Structure formats: C-alpha cells, structure tokens
Amino acid sequence: ITAKTLTASYSASNKVYDGSISATVVGSLNSVVSGDTVTLANTSATFADKNVGTGKTVTISGLSLGGADATNYSLSNTSATTTAAITAKSLTASYTASDKTYDGATSATVVGSLNSVVSGDTVTLANTSATFADKNVGTGKTVTISGLSLGGTDAGNYTLSSTSTTTTAAITAKSLTASYTASDKTYDGSRTATVSASSSDIVTGDAVTISHSSATFADKNVGTGKTVSISGISLSGTDAGNYSLASTSASASAAISA
C-alpha cells in the first residue's frame, strides 16, 4: 500500500500594516480519507514585502503532515502561495500651539506629532495652515490646523484619521510705549502744555488712541528745553484691548517764550 498524495492549499488573511511581512494563513488538504486524522502545518507564511497593497503574494513554506494517519499520506508540495492585502494603518495627528504676543494676525505656530508609528519607520507630519479663531488677545483660544498630510519614506503605509484638528493657545497683549511731542508756547502764566502722542508699536490698521489726563511744564516761566510731564496715559479705540501700556506716564520738552 503506497502513500496517498495530498495537495495543500492555503488562504491568507488581510492585515493592517504593522511593519512586518508576517502573514496569517489557514491551510486545507484535498482528498483525505473520511475518518482519518491528518493535520497540516507550515513553518512560515510571509508577504513578499511589508508595504501596503492588494493582491500581494503570500509564500507559505515548510509544509508538513501530522496526526494519527499522517504516515499514510504524502504531500505533493512543501510550499504554496496565495494572495492577501495589507491595508494602511490609521494614524491620529495631535498638535500643540505656542502662545504669542498680539501682532494683528491670526497665524499660529504649532508642533504636530503622530501616534503609533511603527518603530523604525520614517513618517513626517505637515499642515498647510494653523490659525487662531480671531486676532484678539485672549486665553484658551481655539487654533484650527488644516491641510494635514504625511510625508517620509514610509508614508504610503499609513493614512490620517483626519486632515484637520484643533488645539488651544493664548494671545497676550502687546506692550506699547507712548511717545509725546510737546509744543512750544508763549508765556501765559500757566504751566499747561499742549502735547501730541504717537507709538511705533501699534499694528498698521489698528484703531488705537493714546490719551492723557495732564501735561504740564515744570514751572510757568520762560525758558528753552523745559521738561513737560505727561501723566494718566490711557488707551482707547476698537483695538485698545490688544495692547498694554509700558508706562502710564512720559515726558517731553518744549520752550516757553516771552
């Protein structure tokens, strides 16, 4: 009585990319006599490479028989092939945003990271924009990051769970230094001075007015280069809330003529 020849066939399961070529397979044997105990085993099952793809060849090798009736059979093949897919691994992008000093713009600076990238893989994260909800000073302000994409040698093996995300950060007030110019005047017996204010710290287009409660010469008398003290400096206007004053007082100089 000679051994009956059996042919082993296999099916492979699709898998999510994990950076390895290992495959999960299930084997079967044709024409085992009813009632016989014959099992099929293999030493390895591997994809041709680790990368994402469909219809990828899976090679199964080291096929052998086991079971009580195994000696009554022989295998026509000690290796086999089948196909399966490796699908992209989903990654979640998270971002942190830096606080910034008010600059009149909504642009934000962010740093992104990815969860669960396979060790050794080169995958980078980029975005096309990162913006605050508005330009104004505030804490816990929403920053929206959009246009997320992956780069790097192994990017094709991954997909992003979302192409946009949000985080929070603060916009702090911009410190504003007020500069004053005092006008010369003819002696009138008073110390009252007329001054005009300006600041190079105000963002172009912002509506900010610099006011003061008093401007006075050191004394009433005629003289040149006389100190004018300005106090009670304050800000007003639509965008005033985005600024803070470096000082609420300042000084200038002017002349009182006879």
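Below or above, wherever it landed, is the structure these notes cover. (Residues numbered from 1 in each chain as written. Predicted model: local features only at pLDDT ≥ 70, side-chain atom pairs only at ≥ 80, totals over all residues. Heavy atoms only, no water.)

### Quick look at the overall build of the protein
Per the secondary structure count, the protein includes 0 helices and 30 strands. The globule rule puts the C-alpha radius of gyration for 258 residues at 18 Å, and the 39 Å found for the protein is more than 25% above it. Counting all 258 residues of the protein, 32% fall into the buried class. Look at the contacts in the protein between residues 6 or more apart in sequence, and 62% of them connect residues 24 or more apart. Of the roughly 13300 Å² of accessible surface on the protein, 47% is carried by carbon and sulfur atoms. Here the protein carries 13 positive and 15 negative side-chain charges, and the mean point of each set is 6 Å from the other. (Helix = DSSP H or I, 4+ residues; strand = E, 2+ residues; numbered from the N terminus. Rg over C-alpha atoms; globule rule 2.2 N^0.38 Å. Buried < 20%, exposed > 50% of the residue type's maximum accessible area, 1.4 Å probe, protein only. Contact = heavy atoms within 4.5 Å. Areas by Shrake-Rupley, 256 points an atom, 1.4 Å probe, with all protein chains shown as cover. Lys, Arg positive; Asp, Glu negative; His and termini not counted. Charge placed at Lys NZ, Arg CZ, Asp CG, Glu CD.)

### As for the pairing of strand 22 (residues 179-182)
Here strand 22 shows a clear split, with Tyr180 and Ala182 buried on one side and none of Ser179 and Thr181 buried on the other. In terms of strand pairing, strand 22 meets strand 24 (residues 195-198) through 4 bridges, oriented antiparallel. In the strand pairing of strand 24, alanine 182 is matched with valine 195. (Pairing = 2+ DSSP bridges.)

### Things to note about the pattern of salt bridges
Pairing of side chains with opposite charge becomes possible as their charged atoms draw close. The full count for this structure, using the stated rule, is 10 salt bridges. For lysine 135, the salt bridge is made with aspartate 239, and the minimal N-O distance between the two is 3.2 Å. Here lysine 135 is found in the loop between strand 16 (129-132) and strand 17 (138-146), whereas its partner aspartate 239 is found in the loop between strand 28 (234-236) and strand 29 (243-245), with 104 residues between them in sequence. Overall, the relative accessible area of 24% leaves lysine 135 in the partly exposed class. (Salt bridge = Lys/Arg side-chain N within 4 Å of Asp/Glu carboxyl O.)

### A look at the packing of aromatic side chains
Under the counting rule described, the total for this entry stands at 2 aromatic pairs. For the ring pair tyrosine 17 and tyrosine 158, a centre distance of 5.3 Å and an interplane angle of 75° mean the geometry is edge-to-face. Taken together, the residues span a long stretch of sequence, with tyrosine 17 in the loop between strand 3 (15-16) and strand 4 (25-29) and tyrosine 158 in strand 19 (residues 158-160) at a distance of 141 residues. When sorted by exposure, tyrosine 17 lands in the same class as tyrosine 158, which is buried. For the ring pair tyrosine 102 and tyrosine 243, a centre distance of 5.3 Å and an interplane angle of 70° mean the geometry is edge-to-face. Linking tyrosine 102 in the loop between strand 13 (100-101) and strand 14 (110-114) with tyrosine 243 in strand 29, this pair joins segments that are 141 residues apart in sequence. As far as the burial class goes, tyrosine 102 and tyrosine 243 line up, both buried. (Phe/Tyr/Trp six-rings, centres within 6.5 Å; stacked < 30°, edge-to-face > 60°.)

### Topic: the sheet that holds strand 26 (residues 214-217)
Pairing within the open sheet is mixed, and its 4 strands lie in the order 23-30-27-26. Each edge of the open sheet carries a strand with a single partner, namely strand 23 (185-186) and strand 26. With 6 bridges joining them, strand 27 (residues 223-231) and strand 30 (residues 250-257) adopt antiparallel strand pairing. For threonine 227, the partnering residue across the bridge sits in strand 30 and is serine 253.

### Some points on unusual backbone geometry
Both trends apply: most residues other than glycine have a negative phi, and most peptide bonds are in trans. Positive phi outside glycine occurs at serine 31, with the angle close to 65°. One non-glycine residue, serine 116, lies in positive phi territory at about 65°. Considering the arrangement of structural elements, one finds serine 116 in the loop between strand 14 and strand 15 (124-126).

### Topic: the sheet that holds strand 3
What the 4 strands build is an open sheet, ordered 3-10-7-6; its pairing is mixed. Both outer strands of the open sheet, strand 3 and strand 6 (44-47), are each paired with one neighbouring strand and no more. Sheet analysis places strand 7 (residues 53-61) next to strand 10 (residues 79-87), joined by 7 bridges and oriented antiparallel. Note on strand 10: the bridge partner recorded for valine 58 is threonine 82.

### Section: the nonpolar core
One finds Val110, Val143, Ile145, Tyr180, Val195, Val228 and Ile230 to be the most contacted residues of the largest nonpolar core, which totals 32 residues. If you list the elements that add at least two residues to this core, you get strand 12 (93-97), strand 16, strand 17, strand 20 (164-172), strand 22, strand 26, strand 27 and strand 30. Excluding residues that lie within four positions of it along the chain, valine 110 makes contacts with Tyr95, Thr96, Ala97, Asn127, Ala130, Val143 and Ile145. Ranked by size, the runner-up nonpolar core spans 19 residues in total, among them Val25, Ile60, Ala80 and Ala84. (Core = buried A, V, L, I, M, F, W, Y, C linked by side-chain atoms within 4.5 Å.)

### Some points on the side chain of lysine 226
One can find lysine 226 in strand 27. Beyond its immediate stretch of four places on either side in the chain, lysine 226 contacts Phe217, Asp219, Asn221, Ala252, Ser253, Ala254 and Ile256.

### A look at the environment of lysine 56
Tracing the backbone through its elements, the reader meets lysine 56 in strand 7. Overall, lysine 56 belongs to the buried group, its relative accessible area being 11%. In this view, lysine 56 contacts Phe47, Asp49, Asn51, Thr82, Thr83, Ala84 and Ile86; residues no more than four positions away in its chain are not counted. One polar contact links the side chain of lysine 56 to the main-chain carbonyl oxygen of asparagine 51, over a distance of 3.0 Å. (Polar contact = N/O pair within 3.5 Å; in protein donor to acceptor, adjacent residues only side chain to side chain.)

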